[in-house]
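Structure assessment
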There are 2 protein chains.
Amino acid sequence: MDNFNYYAPTKYVFGRDTEAQAGQLTRWMGCRKILLVLGGGSARCSGLLDRVAAALQAEGVEYLLLEGIKPNPTDDRVYEGIDLGRREKIDGLLAVGGGSVIDTAKAIAAGIPYDGDFWDFWAGKAVVEKALPVGVVLTIPAAGSEGSGNSVITRLDGMHKISLRTDSALRPKFAILNPALTFTLPAAQTAAGIADMMAHIMERYFSPTQEVETTDRIAEGLLMAIIEEAPKVMADPENYQARANIMWAGTMAHNGVAGCGRREDWTSHGLEHELSALYGVTHGAGLAVVFPAWMTFMASHRPEKVAQLGRRVFGLTGKDDSAVALQTVDSLRAFFGKLGLPLTLSQLGIENPDIALLTAKFHEDKGTPFGPYFPLQPVDTAAVYRLML
Amino acid sequence: MDNFNYYAPTKYVFGRDTEAQAGQLTRWMGCRKILLVLGGGSARCSGLLDRVAAALQAEGVEYLLLEGIKPNPTDDRVYEGIDLGRREKIDGLLAVGGGSVIDTAKAIAAGIPYDGDFWDFWAGKAVVEKALPVGVVLTIPAAGSEGSGNSVITRLDGMHKISLRTDSALRPKFAILNPALTFTLPAAQTAAGIADMMAHIMERYFSPTQEVETTDRIAEGLLMAIIEEAPKVMADPENYQARANIMWAGTMAHNGVAGCGRREDWTSHGLEHELSALYGVTHGAGLAVVFPAWMTFMASHRPEKVAQLGRRVFGLTGKDDSAVALQTVDSLRAFFGKLGLPLTLSQLGIENPDIALLTAKFHEDKGTPFGPYFPLQPVDTAAVYRLML
C-alpha cells in the first residue's frame, strides 16, 4: 500500500425527487447567480429543467443558460461559458446532465477566476488553485464526474482530448442523484455507461502496487454489484432499485475509493482514446472492446491480477493464473455481450483499423513504454489492438 | 435502497511519517492556536507528541495540552477543555490518539461556540450547527471516529454513555493515518479494535432495507479484507502492510460508505453498551461476545442476511438460510477466537450476569421493541443475553 491523500468533499443527495433540493443546495454552496449548463435538450423535454429552475427560483437564485453541450465536449463552449460567466458575474455553476456537461461546467469554473487561458490547466502549464463552486444534477451514470476531481475537454485546434485530474479543486460541491431520471436513457447509452464505470474500477484495480487488500475488496465489491444489477436495468429500464444501485456504483467507481493506496493503470482508457479520436466511437462501447483485449494480452504477460478478478468477481476456481485469466476474459465478454455491447472493432463499426497508426498515436500521447501494470512496447500495443479484431 | 445524504469532507492523509504534516494541515483547516488533546501518555513516551509539536511549531501554530483522556471519556474533561479553550481563545483542536481522545476533542469543539451546556447536544435538546475545526492523528484503529461525525461521551452524573451522531458537523477536517504508529498497540487492544470495526460494518449490514446491493458489496468487501489481514497483524505486529489495510478498513468501516441507502441496526452496540456500563468491559471485546449471540438468535428469527454474510464473506455453500446462519456464527466465533478475543460472558470476566437487569436497562435506553433488522421484545433480549453464557 502506498502513501496517499484522499479528500472528496462532495455532498451526495441521493434518491427520488431530490432535484427539488437544487435551490437550497446552490445556496448552501454559497451561490446566488449561477450558470446552468445543459446537454442536448432532454432535460428541457423531460421537464427536469423546469423543476430545477423552479427550485432555484424558490430560493432566489438567478441563473443563465448554456445549452447544447455535446459528447466529447470542446473548448469553444468552455470559452463561451467563461465569457458569459464573467460578463454576468456569476458566482457558481450547476451542471444538469452527464459527464460532458459536468466537465464543461468544471472547466468554466476553473477558467473564470484565472487570469490566463483556461487551457493552461489541461496543457499542464498551470495548476487549478481556485475555481467557482459547481453543483450537479446527474442524468447519466457513466463518467463519474459528479464525484471526481476530473474533467476531460477536447481542444478543437488539433482535436486534442485531454483529461485533467485534480485532487479536489474540481470536485463538485454537491451532486443530486435521482435514479428515476435515468429511466429514459436509451439502452445503448445505459450499457455504455456500465462499461465505462466498470473500466473506471478496473483501471484502478490493475495496479502494480502489492498488498492493497482493502481497496481491492472495495473494487471487487463494486464490480460484483454492477454485474448483479446491470441485467435488471437492461431488462426493465424503470426498475428503480436496480437503477439506484447502478447509479451509486457509478459514482463510487470514480470518486477515488477504488484507488486509495496504489498506482493506477489507465492503459485501456488510453487505447480507447485513440479509437475515439480516429473513428469517433462512443467511449463506453469502445472500452467494452478494449478492456477484454488488454486482459487477454495480460493472460500471457502478467496474469495474476486478472486471475484474482476472475476468482473473486466471477467465481472462477482454476489453479493456473493464465488459464483463469483467459476464462475471466470470457466471463467479462459474455457479460458485455448480454448488455448488447460490441465485443470487436468490427462490431464497433471499424472494419479496417489502422493498427500502425493507432499504436503510433498511443505512444506519442503516452510515451514508450506505457503501462503501470505491465509496460507496453509498441509491438505489445499493436498486439493488443489485434486482439480486438 | 432508501433516499440518503452522504457528506464526508474529511481529508485523509495516509502513510508513513504523515504526522510530519500536522502543522501544515492545521494551518490548512484555518487554525493558529489549538488545543492538543491526548490520551494516557503513550504519545508522550513514544516521541509522537514531540514530532507533532515540532510540526506545529514549524508552521507557527501555538498549542495548549489537555492530557490523560481515558477510555469511555467523560463529560468532566469536556467541560475542562471548553473552559480552557475559551479562556485561551483557541480556534481549533488536534486529537492525537484513538476514539476517546477524538470524541472528547469533538465535544469540546461543539461546546466552545455554543451558549448553552454542551451536553444539550448529547441529550438531544439541541443540534450542533457550528463547531471549531478538529484534526486527528490516529493511533488506534477501532472506533472510526477519525472519519465519522459521531462522538460518544459519558455523563458522570448517572454514568449515562451517549452516542451523538451528526451528518457532518463533527467530522474531522483532516485525519492523519500512519499505520506505523499502531505497531506498539498491545495485542488485546488490536484485537478489540478489529472486533469494533467489524461491528461497525455489520451494524450497517443487518438492515431491513432491501435491494442495497452496492452498499452490501462494499460492506462485505471491507469485512473480507479485515478477515484476511487481521491474523497477519496478530502474528506480526510490525507488518506495515497488514497494519495499513486494517487501519484503512477501520476508517471506511465507520465513515458511512457501508451504510449508504439503508436503515442501520445498532442493536448489538446497544446490548454491549449495557455490559460496559454494568461490568466495565472493553467495548470491542464485548462486541465479540454480543454479535455472534445476536446472530445466533437471528438464525431462528430472521436468518437471511446472516446467511448472505456467511455465503459471501465466509464462503459457506448451504442452501438452508437458518443452517447457514448458524455456520456463519461458528465461522465468526472461530475468527474472533483466533484473535484471542473472548467468546462468552464468562471469558469477558462476567461470571454471574444479571440478565434481567441488562434486559431492563437495554429497553429503558432503546425503547420496546428495539431492533430495525428484527425488533426485540424483552423476552428476546433476555434470550440473546443468555446466548452469551
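It should be emphasised that the depicted structure is a prediction, and the values quoted were computed from it without experimental measurement. The numbers attached to residues start from 1 for each chain and follow its sequence in the written order. The naming scheme follows written order: chains are lettered A onward, ligands numbered 1 onward. Selection of residues for local features in this predicted model requires a pLDDT of at least 70, selection of side-chain atom pairs for listing and counting requires 80 or more, and totals for whole chains, interfaces and linings are taken over all residues. As a convention, hydrogens and water are excluded, and side-chain values are obtained from all of the structure's heavy atoms.

**Side note on the overall build of chain A**
Cut-off, in case you're wondering: Think of it this way: any DSSP run of H or I at least four residues long counts as a helix, any run of E at least two long counts as a strand, and we number them from the N terminus. Throughout, the radius of gyration refers to the C-alpha atoms, and the reference size of a globule is 2.2 Å times the residue count to the power 0.38. The criterion used for residue contact is that any of the two residues' heavy atoms lie within 4.5 Å.
Assigned secondary structure in chain A consists of 15 helices and nine strands. Computed over its C-alpha atoms, the radius of gyration of chain A comes to 20 Å, within 12% of the 21 Å expected for a compact globule of 389 residues. In terms of its C-alpha atoms, chain A occupies a principal-axis envelope of roughly 65 × 45 × 45 Å. For chain A, the share of sequence-separated contacts (at least 6 apart) that also reach a separation of at least 24 residues comes to 78%.

**Here we look at the packing of helix H8 (residues 213–235) of chain A against helix H9 (residues 240–254) of chain A**
Residue and element names in this part refer to chain A. Quick note on the threshold: Fitted lines through C-alpha atoms serve as axes, helices being fitted only where they are in contact, and the angles separating the N-to-C directions of these axes extend from 0 to 180 degrees. Note: crossing handedness is left-handed where the near helix turns anticlockwise from the far helix by less than a right angle, and right-handed where it turns clockwise. Put simply, Ala, Val, Leu, Ile, Met, Phe, Trp, Tyr, Cys and Pro go in the nonpolar bin, Asp, Glu, Lys and Arg in the charged bin, and everything else, Gly too, in the polar bin.
Close contact between H8 and H9 brings their axes to 9 Å; oriented N to C, the two are set at 145°. Regarding H8 and H9, the two cross each other, and that crossing is left-handed. In this structure, H8 uses Leu222, Ile226, Glu229, Ala230, Lys232 and Val233 to contact H9, whose residues at the interface are Gln241, Ala242, Arg243, Asn245, Ile246, Ala249, Met252 and Ala253. Taken together, the residues that form the contact of H8 with H9 break down as nine nonpolar, two polar and three charged.

**Things to note about the pairing of strand S8 (residues 160–165) of chain A**
Residues and elements named next belong to chain A. Note the threshold: Between any two strands, at least two bridges found by DSSP are needed for them to pair.
Bridge analysis of strand S7 (residues 150–155) against S8 gives six bridges, and the strand direction is antiparallel. Each bridged residue has a counterpart across the sheet, and for threonine 154 the counterpart in S8 is lysine 161. Linking two consecutive strands that pair antiparallel, namely S7 and S8, is a turn of four residues; a positive phi of about 100° is found at glycine 158 within it.

**Describing the relation of the copies chain B and chain A**
We apply this condition: To line up the copies, we fit them by least squares on C-alpha atoms, keeping just the residues with pLDDT of at least 70 in both.
The two copies are related by a screw operation: chain B maps onto chain A through 180° of rotation and 0.0 Å of translation along the axis, at an RMSD of 0.1 Å. Both chain copies can therefore be described as sitting about a two-fold axis. Considering only C-alpha atoms, the residue of chain B closest to the rotation axis is Pro9(B), which sits at 2.0 Å. With an isologous cut-off of 70% or more, the 100% of interface residues of chain B that recur at the interface of chain A puts this contact in the isologous class.

**Re the sheet that holds strand S3 (residues 33–38) of chain A**
Overall, mixed pairing links the seven strands, which are arranged S4(A)-S3(A)-S5(A)-S6(A)-S9(A)-S2(A)-S1(B) in an open sheet. Of all the strands in the sheet, just strand S4 (62–66) of chain A together with strand S1 (4–6) of chain B have a single pairing partner and so form its edges. Geometrically, the sheet is characterised by an average inter-axis angle of 15° between neighbouring strands, direction not taken into account. Pairing of strand S5 (residues 92–97) of chain A with strand S6 (residues 134–138) of chain A, which is carried by five bridges, proceeds in the parallel orientation.

**A look at the side chain of Lys33(A)**
Residue and element names in this part refer to chain A. Formally: We define a polar contact as two N or O atoms separated by no more than 3.5 Å, with the added condition that, inside protein, one atom must be a possible hydrogen donor and the other a possible acceptor, whereas residues neighbouring each other in sequence contribute only through side-chain atom pairs.
Among the secondary structure elements, lysine 33 is positioned in strand S3. At a separation of 2.9 Å, a polar atom in the side chain of lysine 33 contacts the main-chain carbonyl oxygen of glutamate 88. Contact partners of lysine 33, with chain neighbours within four places excluded, come to Val61, Glu62, Glu88, Lys89, Ile90, Asp91 and Gly92.

**A short note on the interface of chain B and chain A**
We apply this condition: Defined here as a combined quantity, buried area equals the accessible surface (1.4 Å probe) lost by two parts on assembly, summed across both.
Tallying the contact residues gives 40 residues for chain B and 40 residues for chain A. Approximately 3,500 Å² of surface area, both sides summed, lies buried where chain B meets chain A, with 60% of it carried by carbon and sulfur atoms. The largest per-residue losses of area from chain B upon contact with chain A belong to Met1(B), Thr214(B) and Trp248(B), which jointly make up 17% of the total buried on that side. Between the two partners, chain B and chain A, sit 14 residue pairs in polar contact (both at pLDDT 80 or more). Sorting the residues of the side of chain B that touches chain A by element identifies S1, strand S2 (11–14), helix H8 (213–235) and helix H9 (240–254) of chain B as the ones contributing at least two each.

**A short note on unusual backbone geometry**
With an omega of -10°, the peptide bond running from Thr368(A) to Pro369(A) counts as cis. Note that Pro369(A) resides in the loop between helix H14 (355–366) and helix H15 (378–386). For Lys89(A), which is not glycine, the phi torsion reads 55° and is therefore positive. Considering the arrangement of structural elements, one finds Lys89(A) in the loop between helix H4 (75–87) and S5. For Asp17(B), which is not glycine, the phi torsion reads 65° and is therefore positive. Within the secondary structure, Asp17(B) sits in the loop between S2 and helix H1 (22–28).

**Observations regarding the environment of Gly68(A)**
Residue and element names in this part refer to chain A. Test applied: Under the scheme applied here, a residue whose accessible area is under 20% of the maximum for its type counts as buried, over 50% as exposed, and between as partly exposed, the area being computed with a 1.4 Å probe on protein chains only.
Secondary-structure assignment places glycine 68 in the loop between S4 and H4. Relative accessible area serves as the criterion here: at 26%, glycine 68 is assigned to the partly exposed category. In the structure, glycine 68 is positioned 31 residues away from valine 37 in sequence and 8.4 Å away in space, judged by C-alpha atoms.

**Overview of the environment of Asp157(B)**
All names here are of chain B. Considering the arrangement of structural elements, one finds aspartate 157 in the loop between strand S7 (150–155) and strand S8 (160–165). Given the relative accessible area of 65%, aspartate 157 is considered exposed. Distance in space between the C-alpha atoms of aspartate 157 and aspartate 76 is 9.8 Å, their sequence separation being 81 residues.

**Digging into the sheet that holds strand S1 (residues 4–6) of chain A**
Spatial strand order, S1(A)-S2(B)-S9(B)-S6(B)-S5(B)-S3(B)-S4(B): seven strands in an open sheet with mixed pairing. Two strands close off the open sheet at either side, each with one partner strand: S1 of chain A together with strand S4 (62–66) of chain B. Across the sheet, the mean angle separating the axes of adjacent strands is 15° when strand polarity is ignored. Alignment of strand S3 (residues 33–38) of chain B against strand S5 (residues 92–97) of chain B, held across five bridges, turns out to be parallel. Within the sheet, the bridge partner assigned to Leu35(B) lies in S5(B) and is Leu93(B).

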